[in-house]
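# Results of the structural survey
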Amino acid sequence: MTDKPTLAPLERALECARLALDKKALDVKILKIGRLSSIADYLVLASGRSDRQVQAIADSVKKGLKKYGKALDVEGLKEGNWVVIDYGDVLVHVFQEEVRRYYNLDELWSSAPTSEIPDAWL
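All of the points below concern the structure found in this document. (Residues numbered from 1 in each chain as written. Predicted model: local features only at pLDDT ≥ 70, side-chain atom pairs only at ≥ 80, totals over all residues. Heavy atoms only, no water.)

### A look at the pairing of strand β4 (residues 82–86)
In β4, alternate side chains face the same way, and those of Val83 and Ile85 are buried while those of Trp82, Val84 and Asp86 on the opposite face are not. Looking at chain direction, strand β3 (residues 73–75) and β4 are connected through three bridges and run antiparallel. Directly across from Asp73, in β4, lies its bridge partner Asp86. Where β3 hands over to β4, the hairpin turn is made up of six residues, of which Gly76 adopts a positive phi near 90°. Relative to strand β5 (residues 90–96), β4 is paired through five bridges, and the arrangement is antiparallel. Residue Trp82 lies in a different strand from β5, and its bridge partner there is Phe95. (Buried < 20%, exposed > 50% of the residue type's maximum accessible area, 1.4 Å probe, protein only. Helix = DSSP H or I, 4+ residues; strand = E, 2+ residues; numbered from the N terminus. Pairing = 2+ DSSP bridges.)

### Quick notes on the sheet that holds β3
Either a parallel or an antiparallel arrangement is found when strands of a sheet pair, and the pairing is made through backbone hydrogen bonds. In space, the six strands of this open sheet follow the order β3-β4-β5-β2-β1-β6, with mixed pairing throughout. Of all the strands in the sheet, the pair left with one neighbour each is β3 and β6 (114–115). As paired elements, strand β2 (residues 42–48) and β5 share seven bridges and run parallel to each other. Considered in β5, the bridge of Ala46 is made with Val94. The sheet contacts of helix α1 (residues 9–22) involve β1 (26–32), β2, β5 and β6, and relative to β2 the element is tilted by about 5°. Those strands touched by helix α2 (residues 51–65) are β2, β3, β4 and β5, and its axis lies near 160° from that of β5. (Contact = heavy atoms within 4.5 Å. Axes fitted to C-alpha atoms, helices over the stretch in contact; angles between N-to-C directions.)

### What about unusual backbone geometry?
The backbone of Asp27 shows a phi angle near 50°, a positive value even though the residue is not glycine. Given a relative accessible area of 47%, Asp27 falls into the partly exposed group. Here Asn104, not a glycine, exhibits a phi torsion of approximately 50°, which is positive.

### A look at the side chain of Asp89
Relative to the helices and strands, Asp89 resides in the loop between β4 and β5. At 3.0 Å, the side chain of Asp89 and the side chain of Arg12 are in polar contact. Among residues more than four places away in sequence, those in contact with Asp89 are Pro9, Arg12, Ala40, Asp41 and Tyr42. (Polar contact = N/O pair within 3.5 Å; in protein donor to acceptor, adjacent residues only side chain to side chain.)

### Here we look at α1
If you check α1, its first and last C-alpha atoms are 20 Å apart, about what 14 residues at 1.5 Å a residue would give, namely 20 Å. In this fold, the buried residues of α1 make contact with β1, β2, α2 and β5. (Expected span 1.5 Å × (residues − 1).)

### Considerations on a positive patch on the surface
Together, Lys4, Lys23, Lys62, Lys63, Lys66 and Lys70 give the surface a local cluster of positive charge. Inspection of the secondary structure assignment puts Lys23 in the loop between α1 and β1. Note on Lys23: relative accessible area 40%, which makes it partly exposed. (Patch = residues over 30% accessible without salt bridge, like charges linked within 9 Å, V, L, I, M, F, W, Y side chains within 5 Å. Areas by Shrake-Rupley, 256 points an atom, 1.4 Å probe, with all protein chains shown as cover. Salt bridge = Lys/Arg side-chain N within 4 Å of Asp/Glu carboxyl O. Lys, Arg positive; Asp, Glu negative; His and termini not counted. Charge placed at Lys NZ, Arg CZ, Asp CG, Glu CD.)

The structure is reproduced here in structure tokens:
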């Protein structure tokens, strides 16, 4: 049995962002929350315009990271309003735009520094 390749937390967060952007995710952000909370090292936030786009973004992340191991948990995929994918060190939140505005995690975590996403991906 071969071991799966591993990713450092920042590498995992960047890969999640890249995979989300591959499905035309909007307003993708990587927040470094490790010093502010013990729940994860990074949050990746992304938006879609419809339930189908949110589902496609979440599926892209799940399938793209499968080679590095399975997500610990996935919530909300069936509904497609707000999907949370938990990788332990990275939490991915994919929202419909209006749901993201309502829950406003961007403001909740406003004290968290952001990680740069390569311009070539945007």
